[in-house]
Each structure stands twice: as structure tokens, then as C-alpha cells.
Amino acid sequence: GGWYCFNRENCDTRYDTMRRLMSSREWPATRVGTGILSSQPEENPHWWNANMVFIPYCSSDVWSGASSKSEKNEYAFMGALIIQEVIKELVGKGLSTAKVLLLAGSSAGGTGVLLNVDRVAEQLEEMGYQGIQVRGLADSGWFLDNKQYRRTDCIDTITCAPTEAIRRGIRYWNGIVPERCKLQFKEGEEWNCFFGYKIYPTLRCPVFVVQWLFDEAQLTVDNVHLTGQPVQEGQWLYIQNLGRELRNTLKDVTASFAPACLSHEIITRNHWTDIQVKGTSLPRALHCWDRSLHESNKNGKAPLKGCPIHLIDSCPWPHCNPSCPTIRDQFTGQEMNVIQFLMHMGFDVQKMAQQQGLEPSKLLGMLSSGS
């Protein structure tokens, strides 16, 4: 992950301020894997002993580009080609004997999974490895092309409405989207395929979608900034509505994990085992998904009892799930509990209790226990 840039100015700025996302020159020689990349069973109970390959992001094109450096373009955008090259190289390093290849990514990498998972499967088939099951795990890459809370002009990555940024990006990167998705839209409308709920129905490979209902990157591009001041009522309603809209787009996604938290990215965080939806953790849900795909290959049976894979919080506001990651005040760095956070958001306990027909103290009790 790491956002993207979509024109000469903001790519120049990105090169000056975030060079590690534009060039591999200053990358560290070693990294320690965390979360799903950890080799410690307690941190990564299901996949600690899997073969893992980490592909850092330096193409700034949501893993979609296919344009080399030219007279006209000072930057190369080769995200889609980088993935193809990595796969080619890994076949010689043991991938050829794999049963399953899980392509996973967070944020721009999560969107990159949606854009590339079928192409990787086709590539391996063409190379003669039909036996490898290719699957995707898209974390925090399922964005909505919704209306911004406040419309702003498209100046840089943060202020530009997501649809407009991607529209410009595709042209700049010579971005490619999967054929099956492309066919759903008119020419020039390929940007639609960068939005999970539009590309997902066209995918052939099984994909597990992990998405916070109140994703911080989504709120940023929607111009909802949760800094020091209490949130105005309009913003509060907008945030709740965002959660509802997101929940709706996931209802037909077979395998999903969507906690009602305000956060961004999870699979490479070392606390990823702590978050639960309806009593099930993410590693557990992924294990269930793994088993269900294994079983359905064998005999197409019904889903496994007591092993859920469609987990979406139904409570309506950020951090109404008690297992959400800790929130820190952006200015003081102090940790906040749910109630402090809601007060900080300008949450009116009296009014909310009235709406729900509860005593304020009862509502606060329910909030802190997360029921």
C-alpha cells in the first residue's frame, strides 16, 4: 500500500517526500514480517510456516500500470508488470509445486489484488500450472466512489475525489484492468474497475475481503477530517451513512470480515489476531475460508458448521465493536476508550439515548461493553 500519484506535479512531490514509494534505491536490506507475514505461530496461527514473498510498492499506480519511461513520461508505471515478473521468477523457486497461491495486499495493495488476481491465475495456467489454486485477500482496498462530504477541486491525491483521481491515473499510468470487468463498462469508463463492489462480481478467483466499515483512507478522500474539534452533526450522519453503504456493498461477498472500527489496514499489524466480529477473529475466519475452499473442491458441501466466513458488524457507528484497535488522540497521542472517543467525536449521549429509547447510563454501559 501507499496511495498513488496521477500527474507530473504530484508524482514529483511524492518523489521528493516519499521516495521509498517511488524507487527501491533506499529500501532496507531486511524486514521483519508482522501479522500475516509473521513466522511466529502466536502472531500468525494459520500461516506462520507458509512460504511468503513480500512485494514492496514503488510503482505508484495501484499495481495497474504498464508504461515504461519515455520521452514524454519521466516516470515508469509498471505495477501490473512487476507482479507478472515476480510470478515468473517464483515459478523457478518452488511456486511450480504449490497447491495454493494467496495474493494478498493492503490499501492500494488490496485494490491491486482485485485488479490482478485473475490475471495471475491466467498467467500460471498459460505457463502450464493449472493445478495451482489462485486466491485473493484484499485488505482495506474496497473503496466507495461515493459523494464527498465536502466537494474539493482535484489538486492532489488527498483532495481529489477518488473517481477523478483514478480517471486521471489510468491515463497517466496506461493502467490496465481485467478484461471481464472492462467489458461491463463503456470505453473510457475503466476507472469503475478500481472499486471493489464493481469488479468483485466479475472475478473468477475466490477473494476474501477485509474492510473496516469506517476506513480512515476513505474518510480522508471524502474530506471528513477527524482532528481536534468535535465532529459536526452533518459529519456524524455522513460517517454513519458511510458505514451503512459499505455494509450494503459487502452483503453478496461470500467471504468477508468487516469490523465497525475507524482504522486502516490490518493483515500486517501484529494486533490482527485481537479484532473480532461476532466472536470470530480474522485469522480464524481465514482458516474457515481456507477449509471451505478445500472442502468445496472435494464435494461441494454446505458451509462448515461453526466456522463462519461472512462476518460483518451490524452496530452503527465507529468503534461500537469493543475489540477495535485502540484510538489515539491525533494531537496528544493519548489513548481513548470508546466513550471518550465518542465524546471527542461530539457524540451526544443524551440525544442518542433518547433516539434509542434508553436511559443515558444504560446506553453508556452498552457502549463500553460493546453490546
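Attention here is on the structure that accompanies the text. Keep in mind that this is a model prediction, so the values were computed, not measured.

### Remarks on the sheet that holds strand S5 (residues 255-258)
Then, number 1: Taken in spatial order, the 5 strands of this open sheet run S1-S2-S3-S5-S9, and their pairing is parallel. Since the sheet does not close on itself, it has two edges, and those belong to strand S1 (100-106) and strand S9 (310-312), each with one partner. Recorded for the sheet is a direction-independent mean angle of 15° between the axes of neighbouring strands.
Then, number 2: Where strand S2 (residues 133-139) lies against strand S3 (residues 207-210), 4 bridges are found, and the strand directions are parallel. By the bridge assignment for S3, Gly136 is matched with Val207.

### A word on the pairing of S1
Then, number 1: Strand direction decides the pairing type here: S1 and S2, joined by 7 bridges, are parallel. Counterpart to Ser106 in the pairing with S2 is Asp139.
Then, number 2: Regarding topology, helix H3 (residues 108-126) serves as the crossover connection from S1 to the parallel S2, and that connection is right-handed.

### A word on the pattern of salt bridges
Opposite charge on two side chains permits pairing when their charged atoms draw close.
Then, number 1: All chains considered together, the criterion is met by 9 salt bridges.
Then, number 2: When the shortest N-O distance is used, the salt bridge between Arg8 and Asp12 registers 3.2 Å. A residue pair is termed a helical-turn pair when its members lie 3 or 4 positions apart in one helix, as Arg8 and Asp12 do in helix H1 (residues 8-17) at 4 residues.
Then, number 3: Across the pair Arg167 and Glu164 runs a salt bridge whose closest N-O atoms are separated by 3.4 Å. Here Glu164 and Arg167 lie together in helix H4 (residues 162-173), a separation of 3 residues that amounts to about one turn.
Then, number 4: Judged by relative accessible area, Glu164 falls into the partly exposed class, the value being 23%.
Then, number 5: Because the salt bridges share partners, they merge into one network encompassing Arg8, Asp12 and Glu74.

Reading the values: rules and limits
- Residues numbered from 1 in each chain as written.
- Predicted model: local features only at pLDDT ≥ 70, side-chain atom pairs only at ≥ 80, totals over all residues.
- Heavy atoms only, no water.
- Pairing = 2+ DSSP bridges.
- Helix = DSSP H or I, 4+ residues; strand = E, 2+ residues; numbered from the N terminus.
- Axes fitted to C-alpha atoms, helices over the stretch in contact; angles between N-to-C directions.
- Right-handed = clockwise from strand over helix to strand, strands pointing away.
- Salt bridge = Lys/Arg side-chain N within 4 Å of Asp/Glu carboxyl O.
- Buried < 20%, exposed > 50% of the residue type's maximum accessible area, 1.4 Å probe, protein only.

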